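Take a look at the letters that make up each chain.
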Amino acid sequence: MGGYESSSYLDENDSQDSVTISGIITEAKTKRKVPNAEIRFLDSEGNTLKKVSSDADGSFSTKLAKLTKFGSIEIDGNSAGFLTIANIDFGIFVNNTRIKARLFKYNYSATELEFYKKEDRDQLKREIEEMKKQKR
């Protein structure tokens with residue numbers, strides 16, 4: 001789980017057949033940069049288009065061939081957390097995207113709807129509440 005800010009724009013001076021995606025990855029609580037995070041760029045069917053890693057300063061930059069559909073980005077910061085960013089424009093309307101990703105240490109990527117048994121949903125709620133208490 002985490003959060004992100006994204007800004008995209010069309011730069012007439014950049015190549016029209018590719019999109020540049022760059023960003024920085026930080027740990028939400030400490031604001032520290034996350035080195036060696038794995039960033040996966042996925043098409044709309046979930047196929048991996050490209051994988052890159054963040055550098056020592058938590059930054060990354062890559063070029064992708066433009067797509068006619070939106071895609072997603074998965075960021076695995078190892079012990080810093082995990083984040084999925086859905087519906088990213090991989091060049092439909094833009095050719096540059098800048099992302100600021102913040103990762104949280106704890107990771108619950110499943111939602112309550114994915115738990116079929118009531119006791120599993122209740123257990124998830126208890127664990128989340130317990131983590132919130134510990135953070136105070």
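Residues numbered from 1 in each chain as written. Predicted model: local features only at pLDDT ≥ 70, side-chain atom pairs only at ≥ 80, totals over all residues. Heavy atoms only, no water.

### Focus: the side chain of threonine 97
Stage number 1. By the element assignment, threonine 97 lies in strand S8 (residues 96-103).
Stage number 2. By relative accessible area, which is 3% here, threonine 97 ends up buried. (Helix = DSSP H or I, 4+ residues; strand = E, 2+ residues; numbered from the N terminus. Buried < 20%, exposed > 50% of the residue type's maximum accessible area, 1.4 Å probe, protein only.)

### Let's talk about the pairing of strand S3 (residues 38-42)
Stage number 1. Burial analysis of S3 places four of its five residues in the buried class, which makes it a mostly covered element.
Stage number 2. Where S3 lies against strand S4 (residues 48-53), five bridges are found, and the strand directions are antiparallel. Its bridge partner lying in S4, glutamate 38 is registered against serine 53.
Stage number 3. Relative to strand S6 (residues 70-76), S3 runs antiparallel, the two being bridged by five bridges. (Pairing = 2+ DSSP bridges.)

### A word on the confidence of the model for the chain
Stage number 1. This prediction gives the chain a mean pLDDT of 82; 81% of its residues lie at or above 70.
Stage number 2. Taken as a whole, residues 107-115 scores under 50 in pLDDT and shows 15 contacts with residues more than four places along the chain or in a different chain. (pLDDT = per-residue confidence, 0-100. Contact = heavy atoms within 4.5 Å.)

### Regarding the pattern of salt bridges
Stage number 1. One pass over the full model with this rule turns up four salt bridges.
Stage number 2. Between glutamate 5 and arginine 102 there is a salt bridge, with its nearest N and O atoms 3.6 Å apart. Here glutamate 5 is found in strand S1 (residues 2-9), whereas its partner arginine 102 is found in strand S8, with 97 residues between them in sequence.
Stage number 3. We classify arginine 102 as partly exposed; its relative accessible area is 31%.
Stage number 4. When the shortest N-O distance is used, the salt bridge between arginine 40 and glutamate 38 registers 2.1 Å.
Stage number 5. What makes arginine 40 buried here is its relative accessible area of 14%.
Stage number 6. Judged by its relative accessible area of 29%, glutamate 38 is partly exposed. (Salt bridge = Lys/Arg side-chain N within 4 Å of Asp/Glu carboxyl O.)

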